[in-house]
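Listed below, chain by chain, are the residues.
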Amino acid sequence: MAASPGQALQWVTASLRPYFPATRVTGIAVGNEVLTDVDEALKASLVPAMRNLHAALAQLGMDGYVHVSTANSLAVLATSYPPSQGTFTAEVAPLMAQFLKFLADTNAPFWINAYPYFAYKDDPTRVSLDYALSDPFHVGAVDPYSRLQYTSMLYAQVDAVTFAAARLGYGGVPVYVSETGWPSKGDTDEVGASVENARAYNRNLLLRQAANEGTPLRPRQRLEVYLFALFNEDMKPGPTSERNYGLYQPDGRMVYNVGLVQQSTSAASLSLATSPATRTDMKENFGGLCLLSSMAILLISQAFLLR
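Remember, predicted model here, so these are calculated numbers, not experimental data.

The next subject is the overall build of the protein chain. A count of helical and extended segments in the protein chain gives seven helices and 14 strands. Looking at the protein chain as a whole, 47% of its 307 residues are labelled buried. Roughly 14,400 Å² of accessible area belongs to the protein chain as shown, and the carbon and sulfur atoms make up 53% of that amount.

In structure tokens:
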């Protein structure tokens, strides 16, 4: 697609246009964590491919509805704490400037894959579990330079990306979370991987989303988050945690209840209330999950979305 506008147009025409607007499509993710890949040719192709895809959308009159971006690893940051000192690595800086310019020109968001779980697992004696779990009642940490108070490591990581983008002149580009989650099971050396912590992390995130909460740097702009994942990937290689990020087992059984209350084999509802007596269940159902029209939480796995 980087070398051929026609190839990009062909892909959009075949893979997207037949389903639009009957299916609500808001964005195309071009690759995953490409900017931190070791393949230099792949990295150099990223922004040209994105330009050609956007041009194809414009040609079909869809660019006002569908944005083009890519999901980035948190490893694009050389510094993430405190958030106000966020900077991109020297390795990604040249391509990052091109990428950010494209996002600014097309009004598209910066997507980041952020997992506070890894920070806690790597240093559980120094990293607060409540802070990593986004506990809204945790006192959190104050950025000594911006004086902003953070009660959520995830939100701090997002603001670190915003500060890093601002250092390159693109502080106005919105930052969304393209992946985040917490494993419900892990190996003996994977500290913190438990059903209790996974439920707490995802529920705390849902509560923040239900309140339309933004980050401390952008408090009036609700942070859009894609939750990973809907299903456990039971055949995925690697550590045990890699197979246990899902809310559901592959056969549809619930791993833990984060607020999705099973009503039948084909429907579920969401409740974020702390007491069942005060719970108000959502009524719209889709694909075994409730449509959350007032929230920006989206569950991504096997092409499922919660919104």
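Attention shifts here to the pairing of strand 5 (residues 110-113). Residues of strand 5 alternate between two faces, with Phe110 and Ile112 on one and Trp111 and Asn113 on the opposite face, all of them buried. Of the pairings in the sheet, the one linking strand 2 (residues 67-73) to strand 5 comprises three bridges and is parallel in character. Bridge pairing in strand 5 links Ala71 to Trp111. Where strand 5 meets strand 8 (residues 175-180), four bridges bridge the pair, whose relative direction is parallel. Each residue of the ladder has a partner; that of Phe110, found in strand 8, is Val175.

To continue, consider the side chain of Asn202. Locating Asn202 in the fold gives a position in helix 7 (residues 195-210). Residues contacting Asn202, with those up to four places away along its chain left out, are Gly181, Leu227, Leu247, Tyr256 and Val258.

All right, on to the nonpolar core then. The biggest cluster of nonpolar side chains holds 72 residues, and the ones touching the most others in it are Phe88, Met96, Leu103 and Phe110. Of all the elements, helix 6 (residues 153-167) adds the most residues to this core, at 10 residues. Ignoring anything within four residues of it in the chain, the contact list for Phe110 reads Ser69, Asn72, Phe88, Met96, Phe99, Leu100, Leu103, Val161, Val173, Pro174, Val175 and Tyr176.

Below, the discussion takes up the packing of helix 2 (residues 40-59) against helix 3 (residues 93-106). Between helix 2 and helix 3, whose axes approach to 10 Å, the crossing angle comes to 10 degrees. By the angle between their directions, the pair helix 2 and helix 3 is classed as roughly parallel. The two elements helix 2 and helix 3 cross, and the hand of that crossing is left-handed. Here Lys43, Ala44, Val47, Met50, Arg51 and His54 of helix 2 come into contact with helix 3, specifically with Leu95, Gln98, Phe99, Phe102, Leu103 and Thr106. Here the contact of helix 2 with helix 3 is composed, by residue class, of seven nonpolar, three polar and two charged.

With respect to the secondary-structure elements, Pro136 resides in the loop between helix 5 (129-132) and strand 6 (141-142). Accessibility expressed as a relative area gives 34% for Pro136, which makes it partly exposed. Taking the C-alpha atoms as reference points, Pro136 and Asn204, 68 residues apart in sequence, are found 7.1 Å from one another. Setting aside its immediate chain neighbours within four residues, Pro136 contacts Asn204 and Arg208.

At a minimum axis distance of 8 Å, the contact between helix 1 (residues 5-15) and helix 2 shows a crossing angle of 55 degrees. As judged from the angle between their axes, helix 1 and helix 2 are oblique. Considering the relative orientation of helix 1 and helix 2, their crossing is right-handed. Of helix 2, the residues touching helix 1 (which contributes Pro5, Ala8, Leu9, Trp11 and Val12) are Asn52, Leu53, Ala56, Leu57 and Gln59.

Bringing the environment of Arg51 into the picture now. Inspection of the secondary structure puts Arg51 in helix 2. Placed 46 residues apart in sequence, Arg51 and Pro5 show a C-alpha to C-alpha distance of 8.7 Å.

You can see Gly31 is positioned in strand 1 (residues 27-32). Considered as a pair, Gly31 and Lys43 are 12 residues apart in the sequence and their alpha carbons are 9.9 Å apart. The contact partners of Gly31, leaving out residues within four places of it in the chain, are Thr70 and Ala71.

Okay, unusual backbone geometry next. Along the chain, Phe20 connects to Pro21 via a cis peptide bond; the corresponding omega equals 10 degrees. On the secondary structure map, Pro21 appears in the loop between helix 1 and strand 1. The amide bond that connects Phe228 to the next residue, Ala229, takes the cis arrangement and shows omega of 15 degrees. Among the secondary structure elements, Ala229 is positioned in the loop between strand 9 (225-227) and strand 10 (260-262). The residue Glu33 is not glycine, and still its phi comes out positive at about 55 degrees. Following the sequence through the fold, Glu33 ends up in the loop between strand 1 and helix 2. Taking the relative accessible area as the measure of exposure, Glu33 reaches 29% and is therefore partly exposed.

The rules behind each value
- Residues numbered from 1 in each chain as written.
- Predicted model: local features only at pLDDT ≥ 70, side-chain atom pairs only at ≥ 80, totals over all residues.
- Heavy atoms only, no water.
- Helix = DSSP H or I, 4+ residues; strand = E, 2+ residues; numbered from the N terminus.
- Buried < 20%, exposed > 50% of the residue type's maximum accessible area, 1.4 Å probe, protein only.
- Areas by Shrake-Rupley, 256 points an atom, 1.4 Å probe, with all protein chains shown as cover.
- Pairing = 2+ DSSP bridges.
- Contact = heavy atoms within 4.5 Å.
- Core = buried A, V, L, I, M, F, W, Y, C linked by side-chain atoms within 4.5 Å.
- Axes fitted to C-alpha atoms, helices over the stretch in contact; angles between N-to-C directions.
- Parallel < 35°, antiparallel > 145°, perpendicular 65-115°, else oblique.
- Left-handed = near helix turned anticlockwise from the far one by under 90°.
- Nonpolar A, V, L, I, M, F, W, Y, C, P; charged D, E, K, R; others polar.

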